[in-house]
Amino acid sequence: MNLALTEDEAAFRDEMRNFFRTEIPADIRERNAAGEELSREDMVTTLQILNKHGMASPHWPLEWGGKDWTPMQHHIWLDELQLASVPEPLAFNISMVGPVIATFGSEEQKQKFLPPTQNLDIWWCQGFSEPEAGSDLASLRTVAIRDGDEYVINGQKTWTTLGQYADWIFVLARTNPDAPKKQAGISFILVDLKTPGITVRPIKLIDGGHEVNEVWFENVRVPAENLVGEENAGWTYAKFLLSNERTGITRLGFTKTKLARAKELAAQTAVGDGTLLDDPVFAARFAEIENQVLALELTQLRIVSSYVDGKENPASSVLKLRGSELQQLATEILTDVAGPDSLPFEAGEDIPTPVWAQRATPTYLNFRKTSIYGGSNEVQRTIIASGILGL
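About the cut-offs
- Residues numbered from 1 in each chain as written.
- Predicted model: local features only at pLDDT ≥ 70, side-chain atom pairs only at ≥ 80, totals over all residues.
- Heavy atoms only, no water.
- Core = buried A, V, L, I, M, F, W, Y, C linked by side-chain atoms within 4.5 Å.
- Buried < 20%, exposed > 50% of the residue type's maximum accessible area, 1.4 Å probe, protein only.
- Helix = DSSP H or I, 4+ residues; strand = E, 2+ residues; numbered from the N terminus.
- Contact = heavy atoms within 4.5 Å.
- Patch = residues over 30% accessible without salt bridge, like charges linked within 9 Å, V, L, I, M, F, W, Y side chains within 5 Å.
- Areas by Shrake-Rupley, 256 points an atom, 1.4 Å probe, with all protein chains shown as cover.
- Salt bridge = Lys/Arg side-chain N within 4 Å of Asp/Glu carboxyl O.
- Pairing = 2+ DSSP bridges.
- Expected span 1.5 Å × (residues − 1).
- UniProt positions renumbered as here; feature names shortened; annotations may be inferred.
- Phe/Tyr/Trp six-rings, centres within 6.5 Å; stacked < 30°, edge-to-face > 60°.

Description of the nonpolar core
Note that soluble globular proteins tend to have their nonpolar side chains buried in a common cluster.
Argument step 1. Judged by nonpolar contacts, the single largest core of 70 residues is most densely connected at Trp124, Phe170, Phe188, Leu190 and Val191.
Argument step 2. Looking at which element gives the most residues to this core, the answer is helix α5 (residues 91-104), with seven residues.
Argument step 3. The contact partners of Val191, leaving out residues within four places of it in the chain, are Ile153, Trp168, Ile169, Val171, Ile198, Phe217, Val220 and Val222.
Argument step 4. Counting residues in each nonpolar core, the second largest holds 19 residues, with Ala262, Leu276, Ile289 and Leu319 among its members.

Here it is as structure tokens:
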């Protein structure tokens with residue numbers, strides 16, 4: 001593979017780099033780079049700017065705002081977005097339900113949902129995981145029973161990320177409990193969260209934060225027209241969605257940014273007669289992670305260029321597996337650079353410990369989740385063994 005960009009690709013990279021650094025408000029990018037929690041308004045502002053310039057969903061079909069870009073251009077777009085610390089377009093909208101509706105939805109659903117989904121006029125959340133049905137998603141027990149022109153949904157979803165902000169939820173529910181295989185009786189249904197019978201309850205995390213929720217459905221009546229595609233075919237659509245999600249979890253630009261920040265801070269940290277970056281063992285850790293990032297970047301280019309719309313690509317599990325591990329390594333090494341200064345929690349500027357160091361440990365602990373969501377890494381190894389290696 002030729003690692004050098006062509007003249008056109010280099011020009012495209014420079015265009016993306018300039019756009020992200022001039023059009024997206026600097027204060028939002030700076031707070032995102034510092035690891036601060038962004039507000040709903042920050043996310044809406046960012047996505048609406050991207051959408052105004054046709055940059056929100058380049059991988060969507062052309063008739064719905066997509067771009068006729070090469071795989072390399074798509075890669076450059078995402079890489080430069082992350083390198084500029086631009087908040088990434090809300091994955092539930094842009095990488096998950098949007099492509100599912102565009103690929104499998106009815107024309108009426110496309111007209112109704114795709115424009116507001118793209119502009120974040122509708123904030124979506126994901127109703128997949130349940131108690132005892134997380135990585136083993138096909139064991140879900142939420143049911144949707146057809147009653148005339150409606151489905152009646154009963155059940156519980158959990159770990160619903162940012163559900164407190166959401167307007168709608170896309171739900172996997174069992175519509176045929178008697179199916180011979182548990183995957184065969186599941187449907188994909190769109191649900192307005194204002195529908196009577198829905199309760200969203202916060203799950204408070206160990207650091208006191210509110211990032212995830214549980215969602216209860218008690219005799220929730222949903223129009224049958226909100227069924228996406230065919231009844232009992234939801235597992236196919238879920239696999240398509242999860243393939244997109246796993247590819248998006250890679251986040252190499254994020255990892256590069258975190259590593260660059262960690263190196264910069266290591267070069268400012270005095271150790272003996274030199275700096276932490278001068279320590280050969282510590283420098284070797286940086287070099288090893290950077291080599292792994294490069295290897296995964298090449299793998300990502302191969303996978304993206306071979307991707308076929310509408311078909312699950314088991315190789316996306318490789319990206320999810322290694323991408324999540326590298327994000328964890330980047331946050332870990334930043335915590336090690338901070339050292340004892342990473343121990344205080346939310347003390348702010350009342351103590352001499354730098355604020356970036358105080359955020360290092362909470363960020364490190366929070367990123368333990370990346371090897372779990374989107375299908376745990378143990379599950380991804382099984383997919384790689386069977387779907388790629390044929391074991």
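Let's talk about the side chain of His75
Argument step 1. With respect to the helices, strands and loops of the structure, His75 is situated in helix α4 (residues 71-83).
Argument step 2. Ignoring any residue separated from it by four or fewer positions in sequence, one finds His75 in contact with Glu297, Gln300 and Leu301.

Some points on a nonpolar patch on the surface
Argument step 1. On the surface, a nonpolar cluster with roughly 340 Å² of combined accessible area is contributed by Ile388, Leu389 and Leu391.
Argument step 2. Mapped onto the elements of the fold, Ile388 is located in helix α12 (residues 377-388).
Argument step 3. Relative accessible area serves as the criterion here: at 40%, Ile388 is assigned to the partly exposed category.

Some details on the environment of Ala295
Argument step 1. Tracing the backbone through its elements, the reader meets Ala295 in helix α9 (residues 280-305).
Argument step 2. The class of Ala295 is partly exposed, set by a relative accessible area of 43%.

A few points about the side chain of Ser85
Argument step 1. As for its position among the elements, Ser85 is in the loop between α4 and α5.
Argument step 2. Sequence-distant contacts of Ser85, defined by excluding residues within four places in its chain, comprise Arg29, Asn32, Ala33 and Thr257.

Section: the pattern of salt bridges
Argument step 1. Within the structure shown, the criterion is met by 21 salt bridges.
Argument step 2. A salt bridge links Lys182 to Asp136; its shortest N-O distance comes to 3.5 Å. One end of the pair, Lys182, is in the loop between β4 (168-174) and β5 (186-192); the other, Asp136, is in the loop between β1 (124-127) and β2 (143-147), and 46 residues separate them in sequence.
Argument step 3. By relative accessible area, which is 37% here, Lys182 ends up partly exposed.
Argument step 4. Among the salt bridges present, the one from Arg221 reaches Glu150, with a minimum N-O distance of 2.8 Å. Here Arg221 is found in strand β7 (residues 210-223), whereas its partner Glu150 is found in strand β3 (residues 150-157), with 71 residues between them in sequence.
Argument step 5. For Glu150, a relative accessible area of 28% translates into the label partly exposed.
Argument step 6. Bridged by salt links that share partners, the residues Arg17, Arg21 and Glu80 form one connected network.

Re the pairing of β3
Argument step 1. The pairing of β2 with β3 spans five bridges and is classified as antiparallel. The residue of β3 that forms the bridge with Arg146 is Tyr151.
Argument step 2. Between β2 and the antiparallel strand that follows it, β3, lie two residues; Gly148 among them carries a positive phi value of about 65°.
Argument step 3. As paired strands, β3 and β7 are joined by seven bridges and run antiparallel to one another. Directly across from Val152, in β7, lies its bridge partner Arg221.

Topic: α4
Argument step 1. When the terminal C-alpha atoms of α4 are compared, their 18 Å separation across 13 residues agrees well with the 18 Å that a helix rising 1.5 Å per residue should span.
Argument step 2. Listed as buried for α4 are Gln73, His74, His75, Ile76, Trp77, Asp79, Glu80, Leu81 and Gln82.
Argument step 3. Downstream of α4 by a residue or two, Ser85 has a phi angle that is positive, lying close to 60°.

Details of the UniProt feature "domain: Acyl-CoA oxidase/dehydrogenase middle" (unreviewed entry) in the protein
Argument step 1. Following the UniProt record, the feature "domain: Acyl-CoA oxidase/dehydrogenase middle" (unreviewed entry) maps to residues 125-220 here.
Argument step 2. Spanning residues 125-220, this segment combines 0% helix with 50% strand, and its end C-alpha atoms are found 17 Å apart.

Considering the packing of aromatic side chains
Argument step 1. On inspection of all chains with the given rule, the structure shows 14 aromatic pairs.
Argument step 2. Arranged with centres 6.3 Å apart and planes meeting at 90°, the rings of Phe128 and Phe188 form a pair that is edge-to-face. With a gap of 60 residues between them, Phe128 in the loop between β1 and β2 and Phe188 in strand β5 connect regions that are remote in the sequence. A single burial state applies to Phe128 and to Phe188, both of which are buried.
Argument step 3. Between Phe170 and Phe188, the ring centres sit 5.8 Å apart and the planes meet at 5°, which makes this aromatic pair stacked. You can see Phe170 sitting in strand β4 and its partner Phe188 sitting in strand β5, a full 18 residues away along the chain.
Argument step 4. Note on Phe170: relative accessible area 0%, which makes it buried.

Some points on the pairing of strand β6 (residues 198-204)
Argument step 1. Note: β6 against β7, seven bridges, orientation antiparallel. Bridge pairing links Thr199 to Trp216 in β7.
Argument step 2. Connecting β6 to the antiparallel partner β7 that follows it, the hairpin turn spans five residues, and Gly208 within it adopts a positive phi of roughly 90°.

Details of the environment of Leu319
Argument step 1. Inspection of the secondary structure assignment puts Leu319 in helix α10 (residues 316-338).
Argument step 2. Sequence-wise, Leu319 and Ser243 are 76 residues apart; in three dimensions their C-alpha atoms are separated by 10.0 Å.

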